[in-house]
Amino acid sequence: MGFLVSSSSTSRRPMPLLFILFLLCLATVSECAAADYKTLVYKGCSKQPLVDPSGVYSQALSALFGSLVSQSTKAKFFQTTSGSGQTTITGLFQCRGDLSNSDCYNCVSGLPILSDKLCSRAIAARVQLYGCYLLYEVAGFAQVSGMEMLYKTCGGTNVAGSGFEERRDTAFSVLENGVVSGHGFYTTSYQSMSVLAQCEGDVGDSDCGECIKNAVQRAQVECGSSISGQIYLHKCFISYNYYTNGAPLRSSSSPGSSSSSSSSSQGYSSSAPGSGQNTGKMVAIIIGGSVGVGFLVIFLLCARNSMKKHDDF
């Protein structure tokens, strides 16, 4: 009986350490995953600066940003105007359809500062993160077609043959139908393909379907047999990933691509960040390192318990 008490007492000691290690692992991975939707995809800045000696435009823009951020606590899409006459500024934000209200706010709240930092208060700007984007235009700025391609990125790995194109195209077909029935947002997994599509909030179902169809055609031509890609048109975007070990339960809009390009039109100059695609790799490294440390701790504790039992005999 004495041995049983001693063994039970000894086996209980490591539990707090293992539990703390487990919580630390979860917290680290959770933090990385949560930060992913705030990763910069691309920026589009007007080539024309905002000339504002009297500060009228700056006041209107600040009021616009304040209105957009406040609305992001309760809506996934909101469009409004600020100022009057020639100083009128139109702006909007949109969050990805699967973000919660709190995540939407966290995503949008950082966009005004980021927009000012990246575009230096141009007369028009668009900043796209993985989970949301913000757009503003001063009155008189040349309008862009809804089908205009703003940005694309294609994965650096190709998987030509092996039925990949057929799986991809079938998944795209499901996506085209799903985004219409989903009224502007749809994501699903199909035979190792994870796909996502979203249209701007003021686009009707029919026009949304046409926009996504156009984006799909661009992906087929521009990305070919790449295992992942993102196509951003002015009024919609699509994202897809092919997983050789099977698609995850929930798709992601970040394909982890290594080959990308941008498109400029109507006075916009678009570009992408240099290191916005490494979040997935960082999470994998953290998980792998945490698991390795966990196994090492468990091994040492088991060895210690074994030696303790030997001494008790």
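Residues numbered from 1 in each chain as written. Predicted model: local features only at pLDDT ≥ 70, side-chain atom pairs only at ≥ 80, totals over all residues. Heavy atoms only, no water.

Rule in force here: UniProt positions are given in the numbering used here, feature names are shortened, and annotations may be inferred rather than shown by experiment.
Looking at an unreviewed UniProt entry, one finds the chain named Gnk2-homologous domain-containing protein, with Trapa incisa as its source organism. Check the Sequence similarities (unreviewed entry) section of the UniProt entry for the chain; it says "Belongs to the cysteine-rich repeat secretory protein family. Plasmodesmata-located proteins (PDLD) subfamily."

### Things to note about the overall build of the chain
The condition that has to hold: Put simply, DSSP marks the helices as runs of H or I at least four residues long and the strands as runs of E at least two long, and each gets a number from the N terminus on. Buried means the residue's accessible area, taken with a 1.4 Å probe over protein chains only, is under 20% of the maximum for its type, while exposed means over 50%, and partly exposed covers the values in between. By definition in these notes, contact holds between two residues if any of their heavy atoms fall within 4.5 Å.
A tally of regular secondary structure across the chain gives 8 helices and 12 strands. A buried classification covers 42% of the 313 residues belonging to the chain. A separation of at least 24 residues holds for 71% of the contacts in the chain among residues at least 6 apart in sequence.

### Considering the pairing of strand β6 (residues 149–154)
Look at any regular strand and the pattern is simple: side chains alternate between the two faces of the sheet. Rules: Following DSSP output, two strands are said to pair if at least two bridges run between them.
Within β6, 6 of the 6 residues are buried, leaving the element largely enclosed by the surrounding structure. Across 5 bridges, β6 lies against strand β9 (residues 228–233) in antiparallel orientation. By the bridge assignment for β9, M149 is matched with L233.

### Quick notes on the packing of aromatic side chains
The cut-off we apply is this: Centre distance within 6.5 Å is the pairing criterion for rings of Phe, Tyr and Trp, where only the six-membered ring of Trp is used; planes under 30 degrees apart are then read as stacked, over 60 as edge-to-face, and the remainder as tilted.
Applying the stated criterion across every chain, the model contains 7 aromatic pairs. Seen from their ring centres, Y42 and Y151 are 5.0 Å apart, and the 20° between their planes marks the pair as stacked. Taken together, the residues span a long stretch of sequence, with Y42 in strand β1 (residues 40–46) and Y151 in strand β6 at a distance of 109 residues. Across this residue pair, the class does not change: Y42 and Y151 are buried. For the pair F65 and Y136, a centre-to-centre distance of 5.8 Å together with 80° between the ring planes defines the contact as edge-to-face. Separated by 71 residues along the polypeptide, F65 in helix α3 (residues 56–71) and Y136 in strand β5 (residues 132–138) bring together distant segments of the chain. Y136 carries the same exposure label as F65, and that label is buried.

### Some words on helix α7 (residues 205–222)
Because an α-helix packs 3.6 residues into every turn, residues spaced three or four apart end up facing the same way. Note the threshold: To estimate how far a helix should reach, multiply one less than its number of residues by 1.5 Å. When we speak of the arc, we mean the arc of directions from the helix axis to the C-beta atoms.
When the terminal C-alpha atoms of α7 are compared, their 25 Å separation across 18 residues agrees well with the 26 Å that a helix rising 1.5 Å per residue should span. All of the buried residues in α7 are C208, G209, C211, I212, A215, V216 and A219. Along the axis of α7, the buried residues cluster in a sector spanning 165°; they form a single face. Residues of α7 that are exposed and point over 90 degrees away from its buried face: S206, D207 and V221. Taken together, the buried residues of α7 touch α6 (164–181), β8 (193–199), β9 and β10 (236–242). Two residues or fewer after α7 comes G224, characterised by a positive phi angle close to 55°.

### Observations concerning the state of the cysteines
Rule in force here: Pairs of cysteine sulfur atoms within 2.5 Å are identified as disulfides in what follows.
What the rule picks out here adds up to 6 disulfides. At a sulfur-sulfur separation of 2.0 Å, the disulfide partner of C154 is C223. Judged by the sign of its S-S torsion, about -70°, the bond between C154 and C223 is left-handed. With a gap of 69 residues between them, C154 in strand β6 and C223 in the loop between α7 and β9 connect regions that are remote in the sequence. You'll find C154 and C223 in the same group, each marked buried. Disulfide partners in the chain, listed by the sequence order of the bonded cysteines, are 1-5, 2-3, 4-6, 7-11, 8-9, 10-12.

### Remarks on the pattern of salt bridges
Defined as follows: Salt bridges, as used here, are contacts in which a Lys or Arg side-chain nitrogen is within 4 Å of a carboxyl oxygen on Asp or Glu.
According to the stated counting rule, one finds 6 salt bridges in the structure shown. One salt bridge connects R168 with D169, and the closest N-O pair in it is separated by 3.0 Å. Classification of R168 as buried rests on a relative accessible area of 5%. On the accessibility criterion, D169 (31% relative accessible area) is partly exposed. Residue E200 pairs with K235 through a salt bridge whose shortest N-O separation is 2.7 Å. Of this pair, E200 sits in the loop between β8 and α7 while K235 sits in the loop between β9 and β10, and the two are 35 residues apart along the sequence. The exposure class assigned to E200 is buried, which follows from its relative accessible area of 3%.

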